[in-house]
Amino acid sequence: LCLNRLRDERRHRELEQQAAQEAPPPTVGANELSPDVRRLLRDLSEPVAAAGVYYHLDAMTHEEIAAQLSVSRRTAGNLVARFDEAMRRQAARTSR
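Given the structure is predicted, the values throughout are model-derived calculations rather than measurements. (Residues numbered from 1 in each chain as written. Predicted model: local features only at pLDDT ≥ 70, side-chain atom pairs only at ≥ 80, totals over all residues. Heavy atoms only, no water.)

### Regarding the overall build of the chain
Here is the rule: To qualify as a helix, a DSSP run of H or I must reach at least 4 residues; to qualify as a strand, a run of E must reach at least 2; elements of each kind are numbered from the N terminus. Under the scheme applied here, a residue whose accessible area is under 20% of the maximum for its type counts as buried, over 50% as exposed, and between as partly exposed, the area being computed with a 1.4 Å probe on protein chains only. For the accessible areas, the method is Shrake-Rupley and the probe is 1.4 Å, while residue cover comes only from the protein chains on display.
When its secondary structure is counted, the chain shows five helices and zero strands. Scanning the chain from its N terminus toward the C terminus, one meets helices and strands in the order α-α-α-α-α. Sorting the 96 residues of the chain into buried and exposed places 29% on the buried side. Taken as a whole, the chain presents about 6900 Å² of accessible surface, with 51% of it coming from carbon and sulfur.

Here it is, written out as structure tokens:
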């Protein structure tokens, strides 16, 4: 049990660092979002969309997102990861 917790914590830190390296800095306001991004936000579940906006546009930390959404810090990180994956899939579709 303890080893699993240590592994989970290490993996979570690795994912946060990876996301921080891959995530571009917020450069657009909400009114300047592309139609593709607006569509994606509409299609995602509310918690996933909110976490992505808080993280990328509002530059909130996972801890701040967790407090805002009333979820654990780990769940906030998972929501941001789901948002990022959806963005990557959307980008792959539009680049074809």
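### Thoughts on unusual backbone geometry
Of note, the phi angle at A59 is positive, near 55°, even though the residue is not glycine. By the secondary structure assignment, A59 is in the loop between helix 3 (46-56) and helix 4 (62-69). One non-glycine residue, S70, lies in positive phi territory at about 60°. Within the secondary structure, S70 sits in the loop between helix 4 and helix 5 (73-94).

### Observations regarding helix 4
Applied cut-off: Think of the arc as the fan of directions from the helix axis to the C-beta atoms.
Residues of helix 4 that are buried: H62, I65 and A66. Burial along helix 4 is one-sided: seen end-on, the buried residues are contained in an arc of 105°. Exposed side of helix 4, more than 90 degrees from the buried face: E63 and A67 are the residues found there.

### Quick word on the packing of helix 4 against helix 5
Our working rule: Geometry is summarised by axes, namely lines fitted to C-alpha atoms with helices restricted to the contacting stretch, and by angles between N-to-C directions that run from 0 to 180 degrees. Orientation is classified from the angle alone, with under 35 degrees giving roughly parallel, over 145 giving roughly antiparallel, 65 to 115 giving roughly perpendicular, and any other angle giving oblique. Between two residues, a contact is recorded if the distance between any of their heavy atoms is within 4.5 Å. Residue type decides the class: Asp, Glu, Lys and Arg count as charged, Ala, Val, Leu, Ile, Met, Phe, Trp, Tyr, Cys and Pro as nonpolar, and the leftover types, Gly among them, as polar.
Running from N to C, helix 4 and helix 5 cross one another at 100°; their axes reach a closest spacing of 8 Å. Judged on the interaxial angle alone, helix 5 and helix 4 are roughly perpendicular. Residue-level contacts link H62, E63, I65, A66 and L69 of helix 4 to R73, A76, G77, L79 and V80 of helix 5. Looking at side-chain class alone, the contact of helix 4 with helix 5 contains six nonpolar, two polar and two charged residues.

Keep in mind these values describe shape, not function.
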